[in-house]
Amino acid sequence: MTLDRSWFTEPMESTGTAFSLKGEKVHEEQTPYQKIEIWKTESFGWLMTIDGCTMVSTRDNFLYHEMMSHPALNSHPDPQTVVIVGGGDCGTLREVLKHPQVKSATQVEIDERVTRLSEQYFPELCDRNDDPRATLFFGDGIQWMKDAAPGSIDMIVIDSTDPVGPAEGLFGKRFYLDCIKALKPDGMLVQQSESPLLHLSLIQEMHAAMREAGFAETHLLHFPQVIYPSGWWSGSIACKKAGALASRLDEQAIAALDCKYYNADTHRGAFALPTYVRQALARA
Ligand code: SAM
């Protein structure tokens, strides 16, 4: 079967698979950092891609944004100061700001055009950008973390592109060392960590690098994500202090978050690991 130009297709040579959505391209631009495209799809609403990889769609972004924010924030005793690295579509910022304990949330995105296009095509993700607790900073997250005041952050959320191009340095020991320095003693980091089916060795390397950098514990959580390779995605949590991961699963507080996917059951389920993943992480 040949696909005509009315299909967006992301081929993944390394796994011999591809993901497609029917629709038409309405915008394309090359920024100093990457190529951004916007597609109007038939069944997933708007789709943003970066360098040919799916980033965010109207239909399924809630899965990723809720699961990259709430399990980690509800595992920290009192997350007041949050820094999001990447996340320029502002969907993670929106979820983080739903937590009343959060006093400041800073989004450090390298490419301002991602945010400007999100304001245009995904306004529902940007509806909390004017919250007085929010700061939108445009610059490199790697440098920002190097310069961060020691012991100043409760939670770092790394909502980045895949570990290539400007995001490559966000997936290694050197960056994690800067994160540890910037975190408070009971601080935590959560990072998107790709597919537990296709990228297990990357997940193992990430957890090993986090622990080598000095994080006392690492944990994996997983959730469905239709538009990403394999349709199954993960986040990795690294805790500065051992035994710090506590679940604050207050039903009333969770209901107030007004989520579509996240609740106390999906929180618990996200940390329940399949056998082969558990074994792989034990070896990491
Ligand atoms: N949910 C997506 C995924 O997992 O594929 C990520 C979405 S978000 C749009 C990723 C963002 O990370 C992009 O906007 C990109 O510009 C940003 N980014 C990549 N490297 C960065 C860096 N070094 N500092 C700050 N932001 C970075």
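Residues numbered from 1 in each chain as written. Predicted model: local features only at pLDDT ≥ 70, side-chain atom pairs only at ≥ 80, totals over all residues. Heavy atoms only, no water.

For the protein, the name recorded in an unreviewed UniProt entry is Polyamine aminopropyltransferase, with Solimonas terrae as its organism. Turning to the protein, the UniProt record has this under Sequence similarities (unreviewed entry): "Belongs to the spermidine/spermine synthase family." What the UniProt record of the protein gives under Pathway (unreviewed entry) is the line "Amine and polyamine biosynthesis; spermidine biosynthesis; spermidine from putrescine: step 1/1." (UniProt positions renumbered as here; feature names shortened; annotations may be inferred.)

**Q** Looking at this structure, how should I read the sheet that holds strand β8 (residues 134-138)?
**A** What holds strands together in a sheet is hydrogen bonding between their backbones, with the strands either parallel or antiparallel. Read across the sheet, seven strands follow the order β8-β7-β6-β9-β10-β12-β11 without closing on themselves; strand pairing throughout is mixed. For this open sheet the edge positions go to β8 and β11 (217-224), each flanked by a neighbour on one side alone. Neighbour-to-neighbour, the strand axes of the sheet open up by a mean angle of 15°, direction not taken into account. Strand direction decides the pairing type here: strand β7 (residues 104-109) and β8, joined by five bridges, are parallel. Bridge pairing in β8 links A105 to A134. Where helix α5 (residues 173-182) meets the sheet, its contacts fall on β6 (81-86), β9 (153-159) and β10 (183-192), and the angle it forms with β10 comes to roughly 140°. (Pairing = 2+ DSSP bridges. Helix = DSSP H or I, 4+ residues; strand = E, 2+ residues; numbered from the N terminus. Axes fitted to C-alpha atoms, helices over the stretch in contact; angles between N-to-C directions. Contact = heavy atoms within 4.5 Å.)

**Q** Looking at this structure, I do not really get the packing of aromatic side chains. What am I missing?
**A** The relation between two aromatic rings is expressed through the spacing of the ring centres and the mutual angle of the planes. Counted according to the given criterion, the structure contains six aromatic pairs. A ring pair is formed by W46 and Y121, whose centres lie 4.9 Å apart and whose planes are at 65°; its orientation type is edge-to-face. You can see W46 sitting in strand β4 (residues 46-50) and its partner Y121 sitting in helix α3 (residues 112-121), a full 75 residues away along the chain. A residue is classified by how much of its surface remains accessible, and Y121, at 14% relative accessible area, is buried. By the ring-pair criterion, three or more aromatic residues cluster together here, those being Y64, F223, Y228 and W233. (Phe/Tyr/Trp six-rings, centres within 6.5 Å; stacked < 30°, edge-to-face > 60°. Buried < 20%, exposed > 50% of the residue type's maximum accessible area, 1.4 Å probe, protein only.)

**Q** Before we go on, may I ask you to explain the site of the ligand in this structure?
**A** Close contacts around the ligand come from 24 residues, with Q34, E109, D140, G141 and Y228 the closest. Between the ligand and the protein, one listed contact pairs a nitrogen atom with a side-chain N or O atom of D140 at 2.9 Å. With respect to the ligand, the side chain of Y228 contributes an N or O atom lying 2.6 Å from a nitrogen atom. Across the complex, the protein chains shield 99% of the 600 Å² of accessible surface that the ligand would expose by itself. More than half of the atoms of the ligand fall within 2 Å of the grid points belonging to the largest cavity. The residue makeup of the shell around the ligand, split by class, is ten nonpolar, nine polar and five charged. (Near = heavy atom within 4 Å. Polar contact = N/O pair within 3.5 Å; in protein donor to acceptor, adjacent residues only side chain to side chain. Areas by Shrake-Rupley, 256 points an atom, 1.4 Å probe, with all protein chains shown as cover. 1 Å grid on protein atoms, 1.4 Å probe; cavity = no way out; pocket = protein on both sides within 12 Å on 5 of 7 lines; lining within 4 Å. Sits in = over half its atoms within 2 Å of the grid points. Nonpolar A, V, L, I, M, F, W, Y, C, P; charged D, E, K, R; others polar.)

**Q** Help me understand the packing of helix α6 (residues 200-213) against helix α9 (residues 275-283) in this model?
**A** To describe two helices that pack against each other, one gives the angle between their axes and the distance between the axes. Orientation of α6 relative to α9, taken along the N-to-C sense of each, is 40°, at an axis distance of 9 Å. In terms of orientation, α6 lies oblique with respect to α9. For the crossing formed where α6 meets α9, the hand is right-handed. Facing α6, whose interface residues are L200, I203, Q204, H207 and R211, α9 presents Y276, V277, A280, L281 and R283. In terms of residue class, the contact of α6 with α9 is built from six nonpolar, two polar and two charged. (Parallel < 35°, antiparallel > 145°, perpendicular 65-115°, else oblique. Left-handed = near helix turned anticlockwise from the far one by under 90°.)

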